[in-house]
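# Examining the three-dimensional arrangement
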Amino acid sequence: MPSNRRFWHTFLGCSAISVVYLILGWFHWRLVLVPAKPDEVAHLEYIVDILDGRFWPVMKKEISPCLDERNQPPLYYWVSAAVMQFTPTRDLGKWYTANPFFMVGAPRGNGAACLHFPQVNSLLMTGRILSWLLGTLTIWGTYRAMRVWLGPSSSMLITALVVLTPSITFVQTGINNMALFIPINVMIFGELSRIWKFGMTRKRMLRGIILLILGTYTRMEALLWWIPAGVILFRAIRRGVSIRSVTPYAAALASAISPLLLRNMLLYGDPFVHSAHSSRSPVPLSHWIQAELPMLLRMLFVSLGQGFISAPDYVYVLIAIVLLTGVSGVVLRALRRDLPSGVWLMLSHFSVLVLASVLLSLRYFVGAPRYIGAAGISGAAVWAIGYEGVWPRSIRRYALAATLVVWYFLHTIAITQVLIPVYTPRPAARSDHPVAILDGKILLHRAWIQPVYAKPGETIVVRLVWEALEPVPGNLAVFVHALDPEAPVIVAQEDTYPLYGNYPTMLWVPHQPFEDVHHIRLPGDLTVPCLRLTAGLYYYETMERLPAFSPNGKRFHGGGSDAIPIGQVFLVSRPEAPWSSSGTQGVCPSTAP
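Residues numbered from 1 in each chain as written. Predicted model: local features only at pLDDT ≥ 70, side-chain atom pairs only at ≥ 80, totals over all residues. Heavy atoms only, no water.

## As for the nonpolar core
- Leu44, Trp95, Trp149, Ile158 and Phe189 are the most contacted members of the largest nonpolar core, which totals 101 residues.
- Considering each element in turn, this core owes the most residues, 12 residues, to helix α7 (residues 178-198).
- Contacts of Ile158, omitting those with residues within four sequence positions, involve Met146, Leu150, Trp383, Ala384 and Leu400. (Core = buried A, V, L, I, M, F, W, Y, C linked by side-chain atoms within 4.5 Å. Buried < 20%, exposed > 50% of the residue type's maximum accessible area, 1.4 Å probe, protein only. Helix = DSSP H or I, 4+ residues; strand = E, 2+ residues; numbered from the N terminus. Contact = heavy atoms within 4.5 Å.)

## Digging into the environment of Glu45
- Structurally, Glu45 can be placed in helix α2 (residues 40-51).
- The buried category is assigned to Glu45, whose relative accessible area is 9%.
- Excluding residues that lie within four positions of it along the chain, Glu45 makes contacts with Arg70, Trp95 and Tyr96.
- At 2.9 Å, the side chain of Glu45 forms a polar contact with the side chain of Tyr96. (Polar contact = N/O pair within 3.5 Å; in protein donor to acceptor, adjacent residues only side chain to side chain.)

## Here's the deal with the sheet that holds strand β3 (residues 426-427)
- Across the sheet, 6 strands lie side by side as β3-β10-β7-β5-β4-β13; this open sheet has antiparallel pairing. Each end of this open sheet is capped by a strand with a single partner; those strands are β3 and β13 (548-549).
- Looking at chain direction, strand β5 (residues 442-450) and strand β7 (residues 459-468) are connected through 8 bridges and run antiparallel. Paired with Gln450 across the bridge in β7 is Val461. (Pairing = 2+ DSSP bridges.)

## Here we look at the packing of helix α5 (residues 152-163) against helix α16 (residues 377-389)
- Contact pair α5 / α16: the axes reach a minimum separation of 11 Å and the direction vectors enclose 130°. With respect to their mutual orientation, α5 and α16 come out oblique. Both α5 and α16 take part in a crossing whose hand is right-handed. Of α16, the residues touching α5 (which contributes Ser154, Ile158, Leu161 and Val162) are Ile377, Ala380, Trp383, Ala384 and Glu388. (Axes fitted to C-alpha atoms, helices over the stretch in contact; angles between N-to-C directions. Parallel < 35°, antiparallel > 145°, perpendicular 65-115°, else oblique. Left-handed = near helix turned anticlockwise from the far one by under 90°.)

## Observations regarding the side chain of Arg333
- Along the chain, Arg333 turns up in helix α13 (residues 313-335).
- At a separation of 3.1 Å, a polar atom in the side chain of Arg333 contacts the main-chain carbonyl oxygen of Ile385.

## Details of unusual backbone geometry
- Between Gln450 and the following residue, Pro451, the backbone shows a cis peptide bond with an omega angle of 0°.
- Positive phi values are uncommon outside glycine, yet Asp562 reaches one of about 60°.
- Looking at where Asp562 falls in the secondary structure, it is placed in the loop between β13 and β14 (564-571).
- Using a relative accessible area of 3% as the deciding quantity, one classes Asp562 as buried.

## Here we look at the packing of aromatic side chains
- Considering all chains together, one arrives at 20 aromatic pairs under this definition.
- On the numbers, 5.7 Å between centres and 80° between planes, the contact of Trp56 with Trp78 is edge-to-face. One end of the pair, Trp56, is in the loop between α2 and α3 (75-84); the other, Trp78, is in helix α3, and 22 residues separate them in sequence.
- Ring centres of Phe479 and Tyr538 lie 6.1 Å apart, and the angle between their planes is 50°; this geometry places the pair in the tilted category. With a gap of 59 residues between them, Phe479 in strand β8 (residues 477-484) and Tyr538 in strand β11 (residues 530-539) connect regions that are remote in the sequence. (Phe/Tyr/Trp six-rings, centres within 6.5 Å; stacked < 30°, edge-to-face > 60°.)

## Notes on the pattern of salt bridges
- By the definition in use, this model includes 16 salt bridges.
- A salt bridge links Glu45 to Arg70; its shortest N-O distance comes to 3.7 Å. With Glu45 in helix α2 and Arg70 in the loop between α2 and α3, this residue pair connects regions lying 25 residues apart in the sequence.
- Of the charged contacts in the structure, one is a salt bridge between Arg54 and Asp52, with a shortest N-O distance of 3.8 Å. (Salt bridge = Lys/Arg side-chain N within 4 Å of Asp/Glu carboxyl O.)

## Considerations on a nonpolar patch on the surface
- A cluster of nonpolar side chains, Phe7, Trp8, Phe11, Leu12 and Trp140, forms an exposed patch at the surface whose accessible area comes to about 520 Å².
- In this structure, Phe7 sits in helix α1 (residues 3-30).
- The exposure class assigned to Phe7 is partly exposed, which follows from its relative accessible area of 48%. (Patch = residues over 30% accessible without salt bridge, like charges linked within 9 Å, V, L, I, M, F, W, Y side chains within 5 Å. Areas by Shrake-Rupley, 256 points an atom, 1.4 Å probe, with all protein chains shown as cover.)

## Looking at the confidence of the model for the protein chain
- Averaged over every residue, the pLDDT of the protein chain is 82; residues scoring 70 or more account for 85%.
- Considering each helix and strand of the protein chain separately, the mean pLDDT is smallest for helix α12 (residues 296-301), with a value of 58, and largest for α3, with 94.
- Low pLDDT, under 50, characterises residues 302-308; the stretch is placed with 35 contacts to residues that sit more than four places away or in other chains.
- Counting contacts from residues 574-585, a segment whose pLDDT is below 50, to residues more than four positions away or on other chains yields 17 contacts. (pLDDT = per-residue confidence, 0-100.)

## Side note on the pairing of β8
- Among the 8 residues that make up β8, 8 are buried, leaving the element largely enclosed by the rest of the structure.
- Sheet analysis places β8 next to β11, joined by 7 bridges and oriented antiparallel. Paired with His481 across the bridge in β11 is Thr534.
- Where β8 and strand β9 (residues 489-496) come together, 7 bridges link them in antiparallel fashion. Considered in β9, the bridge of Ala482 is made with Ala492.
- The loop that links β8 with its antiparallel partner β9 comprises 4 residues.

## Digging into the packing of α3 against helix α4 (residues 121-146)
- Orientation of α3 relative to α4, taken along the N-to-C sense of each, is 120°, at an axis distance of 10 Å. With respect to each other, α3 and α4 are oriented oblique. Relative to α4, the crossing made by α3 is right-handed. On α4, the residues touching Tyr76, Val79, Ser80, Val83 and Met84 of α3 are Leu123, Thr126, Gly127, Leu130 and Ser131.
- Each residue belonging to the contact of α3 with α4 can be placed in one class, and the counts come to 6 nonpolar, 4 polar and no charged. (Nonpolar A, V, L, I, M, F, W, Y, C, P; charged D, E, K, R; others polar.)

Okay, structure coming up:
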């Protein structure tokens with residue numbers, strides 16, 4: 001292909017992928033109203049410290065409920081602070097609060113360890129837009145890296161598959177240093193690939209060193225690239241390159257990153273700061289295999305929020321088929337002795353990445369394997385070489401195109417079936433006769449209970465329709481209680497923020513009713529014939545309930561002060577008659593006024 005045509009082929013292809021990425025990525029950053037992306041408040045706090053004049057903040061010794069990322073390398077936060085200088089937000093004061101219901105209701109929500117107050121919305125959205133745009137660099141860097149090993153069409157299709165994997169898109173559109181590390185990571189891989197395949201030159205060495213420095217000052221995982229860099233150096237020396245000619249480059253790299261490692265050692269007692277992140281005791285390997293290994297595939301593809309909100313199972317079946325096809329291709333090409341030599345370079349990085357992820361999750365924190373998907377461009381390249389090689393040349397382009405269609409379908413499923421239902425409030429219709437008015441500023445339009453006839457141990461679903469009449473200051477928690485009508489005592493309950501923390505009251509838009517769904521698991525040893533259900537709102541910090549009144553102005557007192565009666569559930573005593581109450585039909589005794 002002539003160079004001019006090759007340029008336009010690359011430009012138009014990467015531009016098209018960028019447009020699709022930006023469209024899909026919009027759903028990942030714009031619809032999520034709370035800091036539900038991994039540790040987003042902690043990363044934003046780092047940036048706010050820089051905006052407040054602390055050039056290189058230090059991690060605090062006291063334990064923060066929102067975690068503390070200020071032991072991370074500073075480059076991403078410096079870049080973000082430079083961009084956020086132009087936002088109107090100033091004098092933030094107290095701008096976030098711990099989420100007391102963190103992980104309550106998982107896998108439906110409460111993935112944010114902390115919730116922000118509205119005054120930082122401009123910073124939150126500016127930071128997400130910056131990360132979103134940095135994702136376009138990932139696209140161009142991935143294509144350039146893959147082009148070393150694959151043809152232009154295959155490189156373009158593989159770039160689309162890698163970059164538009166939902167877990168990468170989700171991280172790439174949140175406030176976290178992975179948003180900058182991912183594009184730098186693929187650029188490092190591309191430069192090392194060129195050095196491996198085409199040999200060492202001064203320009204390639206300088207570009208590689210600069211990228212390694214930038215990567216290390218973004219995330220410590222960049223140090224893992226020293227392993228393939230060492231493999232390249234050893235290979236070059238065996239081929240006659242003198243040690244003296246590469247010593248200045250190695251010295252420059254070591255001199256550039258040593259201040260970071262020395263600072264980490266002095267401040268945190270660990271040059272790699274992993275111990276500063278430790279939130280639990282080490283776990284045995286057997287426990288890790290049971291707890292984290294089953295989540296590995298999900299983390300590689302899509303693990304929204306804090307890594308517990310997952311797509312439907314059939315999505316992972318399709319993903320497994322695609323991944324295993326690539327692995328089988330690698331095996332077939334190895335048997336035919338058709339693998340490019342660069343595979344060993346890729347495996348030198350990817351194997352160390354996998355090993356480090358396992359060891360970190362054993363010793364320090366849960367969820368480390370998710371970094372295999374976000375930082376594992378070397379593993380993706382091995383898979384791509386195998387996946388391309390498994391198809392006959394005559395149908396290869398069509399097979400890759402079909403795979404791309406499947407991948408976009410899976411990404412769409414992740415958005416429509418996972419992200420939107422979890423993170424966005426579902427609009428609901430108003431009622432002319434609301435159930436209750438709370439403090440004169442919130443309406444409870446209606447409540448549904450399903451099923452009305454339930455067995456002990458069963459989970460009942462309660463749907464509430466709320467509407468704010470004016471902006472709501474602070475965060476109000478929702479309580480839904482199931483009461484023994486004769487005592488009355490609470491026998492089952494669910495307390496959480498609305499929409500499981502994904503739509504707290506401080507973000508409610510006035511005059512826009514929405515549906516808030518709750519799930520209450522009944523105890524398995526219930527003997528009462530029926531239960532009365534009540535609901536309401538309260539301030540978690542003081543446990544003070546919001547005054548609740550009926551439409552005619554009468555205050556609710558049944559089941560506790562300001563508890564709104566929303567219905568009843570009849571207990572079924574015979575499992576073979578799930579839709580009858582076995583002689584207990586009737587009205588549950590009332591404790592309401």
